[in-house]
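Structural overview for review
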Amino acid sequence: MTFRTDLGYARDLDAADELREFRRRFVIDDPQLIYVDGNSLGRLPRASLDRSRNLLERQWGSRLIRAWNDSWFHLAEKIGSKIARIIGADPDEVIVADSTSINLFKLVMAALEVRPDRVKLVTDDLNFPSDIYVFQYTLNLARPNRRLAMARSPDGITVPIPLLEEIIDAQTALVALSHTAFKSGFVHDMAAVTALTHDRGALMLWDLSHSVGAVPVDLGKSGVDLAVGCTYKYLNGGPGSPAFLYIRQDLMDHLSNAIAGWFGQENQFGFDLDYRPAAGLRKFLTGTPPIASLALIEPGVDLVLEAGLDRIRKKSIAQTEYLIELWETILAPLGFTLNSPREARLRGSHVSFGHPEGWRIDRALIDRMAVIPDFRRPDNIRIGVSPLYTTFEELHATATAMHRVVDDRLYEDYPIEQLGVT
Ligand SMILES: Cc1ncc(COP(=O)(O)O)c(C=O)c1O
């Protein structure tokens with residue numbers, strides 16, 4: 001079948017989609033609403049409704065404190081072991097805790113401690129700002145003579161490996177990067193960058209927030225040391241659901257948690273006044289996990305495991321490719337630029353389109369066209385593809401709506417001032 005811009009073609013693609021049944025497993029109460037922001041906040045899995053009812057009524061309501069021993073106490077490890085299967089880790093190498101930023105803080109502090117003679121932390125300017133704030137702060141805290149070295153993307157879209165080769169050196173303690181960049185969707189070559197990092201004697205940390213559940217990752221095969229990631233995007237864990245952290249098995253005994261607390265204590269209910277870290281990853285816990293939010297991660301993770309990352313990636317590539325073909329045909333002539341890699345191999349599961357009026361176009365899409373993408377400064381409209389529920393028809397409608405908003409100048413009705421959450 002050759003590419004066409006008509007709705008019939010989108011429907012043909014949906015009919016041939018082998019993951020199409022998964023859409024019914026999500027709450028979609030307004031079929032007219034086109035949600036292309038699953039890369040920010042994933043949709044609600046139907047199974048999470050039953051899970052939350054069970055958690056509130058049966059566990060909290062009836063079992064009360066006994067529920068800790070029934071199932072809550074080891075929930076962080078249980079869900080971590082399922083996430084491990086999605087990212088190519090061993091079951092006891094992943095645990096769920098805190099937010100991505102806090103996990104990053106813990107792992108960066110731990111990594112800097114085991115490379116005491118090295119002064120550099122290497123990252124790139126496509127990384128998520130929160131990660132960079134954490135790096136700046138931890139470097140200051142750990143030792144004032146340490147510094148951040150940042151590879152600068154030549155095009156705002158990609159960071160070619162030679163740029164990293166130039167700055168990762170014998171002074172480097174840690175290389176910490178986002179596997180899939182939040183703005184452009186660029187995907188680093190995990191195996192190659194990790195090998196380069198190890199070659200120079202540094203540790204490698206990946207932020208998997210925009211990859212997990214959408215882009216295949218094999219931490220074990222790539223020999224990755226450390227990783228963090230969030231669960232509310234392609235894992236559909238819910239707003240503010242806790243994040244995960246990964247430490248390679250053989251490193252675990254050498255690393256310590258800078259935020260000690262009773263959930264990371266060896267014998268938590270011994271109430272000993274001296275801190276002795278628990279064995280394995282549990283020492284990277286700190287305080288009481290938010291059980292209600294933690295429990296709701298599991299249904300989304302189960303859906304990803306059931307669908308399988310190979311099928312998810314195959315559909316994700318077909319859908320981002322389709323979107324880019326629509327851009328070439330109907331959006332580029334209206335001044336939209338492609339701010340994501342053209343090559344599928346280098347691209348995650350969202351596509352960014354730039355336009356000088358990006359912010360007002362985004363507002364008009366949400367208010368007038370019932371299309372929900374998101375916006376990232378200065379001019380990026382991000383279209384997120386979540387293969388478990390995004391349809392080709394929705395992508396067709398999104399591109400058509402973007403065309404209409406610009407062609408009919410509908411965006412002119414919206415103010416230039418930006419809202420709190422974009
Ligand atoms: C790549 C990346 N890292 C870190 C974060 C921050 O996560 P958290 O709010 O859980 O700390 C985000 C949030 O969207 C992100 O996209």
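The sections below set out a description of the structure shown in this document. (Residues numbered from 1 in each chain as written. Predicted model: local features only at pLDDT ≥ 70, side-chain atom pairs only at ≥ 80, totals over all residues. Heavy atoms only, no water.)

Our next topic: the overall build of the protein chain. Helix and strand counts for the protein chain come out as 14 helices and 13 strands. In terms of overall dimensions, the protein chain is globule-like: its C-alpha atoms have a radius of gyration of 22 Å, near the 22 Å expected for 422 residues. When the 422 residues of the protein chain are sorted by exposure, 55% land in the buried category. As presented, the protein chain carries roughly 17,900 Å² of accessible surface, and 54% of it is formed by carbon and sulfur atoms. Charge-centre separation for the protein chain: the mean point of 47 positive side chains lies 3 Å from the mean point of 56 negative side chains. (Helix = DSSP H or I, 4+ residues; strand = E, 2+ residues; numbered from the N terminus. Rg over C-alpha atoms; globule rule 2.2 N^0.38 Å. Buried < 20%, exposed > 50% of the residue type's maximum accessible area, 1.4 Å probe, protein only. Areas by Shrake-Rupley, 256 points an atom, 1.4 Å probe, with all protein chains shown as cover. Lys, Arg positive; Asp, Glu negative; His and termini not counted. Charge placed at Lys NZ, Arg CZ, Asp CG, Glu CD.)

Let us now look at a nonpolar patch on the surface. Together, Leu-56, Trp-60, Leu-64 and Ile-65 line one region of the surface with nonpolar side chains, adding up to about 460 Å² of accessible area. Structurally, Ile-65 is set in the loop between helix 2 (46–63) and helix 3 (66–72). Judged by relative accessible area, Ile-65 falls into the exposed class, the value being 67%. (Patch = residues over 30% accessible without salt bridge, like charges linked within 9 Å, V, L, I, M, F, W, Y side chains within 5 Å. Salt bridge = Lys/Arg side-chain N within 4 Å of Asp/Glu carboxyl O.)

This part is about the pattern of salt bridges. Charged atoms that come close allow side chains of opposite charge to pair. Counted under the stated rule, the structure contains 31 salt bridges. In this structure, the salt-bridge partner of Lys-78 is Glu-298, at a minimum N-O distance of 2.9 Å. Of this pair, Lys-78 sits in helix 4 (residues 75–87) while Glu-298 sits in helix 11 (residues 297–307), and the two are 220 residues apart along the sequence. Look at Lys-78 and you get partly exposed, because its relative accessible area is 41%. A salt bridge links Asp-272 to Arg-276; the shortest N-O distance between them is 3.2 Å. A relative accessible area of 39% means that Asp-272 is categorised as partly exposed. Each member of the salt-bridge network shares a partner with another, and the members are Arg-51, Lys-78, Lys-82, Glu-298 and Asp-302.

It helps to recall that an α-helix has 3.6 residues per turn; residues three or four apart then point in one direction. Helix length check: helix 5 (residues 100–113) (14 residues) gives 20 Å between terminal C-alpha atoms against 20 Å at 1.5 Å per residue, within 8%. Counting buried residues in helix 5 gives 11 out of 14 residues, a clear majority hidden from the surface. Within the span of helix 5, buried status applies to Thr-100, Asn-103, Leu-104, Phe-105, Lys-106, Leu-107, Val-108, Met-109, Ala-110, Ala-111 and Leu-112. (Expected span 1.5 Å × (residues − 1).)

Here we take up unusual backbone geometry. The omega angle of the peptide bond from Arg-377 to Pro-378 is 0°, so this bond is cis rather than trans. Counting through the fold element by element, Pro-378 comes out in the loop between strand 12 (374–376) and strand 13 (380–384). Even without being glycine, Leu-64 reaches a positive phi, approximately 50°. Among the secondary structure elements, Leu-64 is positioned in the loop between helix 2 and helix 3. A relative accessible area of 47% places Leu-64 in the partly exposed class.

Quick look at the pairing of strand 6 (residues 203–207) now. Most of strand 6 sits out of view: 5 of its 5 residues are buried. The alternating pattern of strand 6 places Leu-203, Leu-205 and Asp-207 and Met-204 and Trp-206 on opposite faces, both of which are buried. Note: strand 5 (residues 172–178) against strand 6, 5 bridges, orientation parallel. The residue bridging Ser-178 from the neighbouring strand is Asp-207, located in strand 6. Handedness of the crossover joining strand 5 and strand 6 through helix 8 (residues 190–199) is recorded here as right-handed. Alignment of strand 6 against strand 7 (residues 226–229), held across 3 bridges, turns out to be parallel. Along strand 7, the bridge assignment pairs Leu-205 with Leu-226. (Pairing = 2+ DSSP bridges. Right-handed = clockwise from strand over helix to strand, strands pointing away.)

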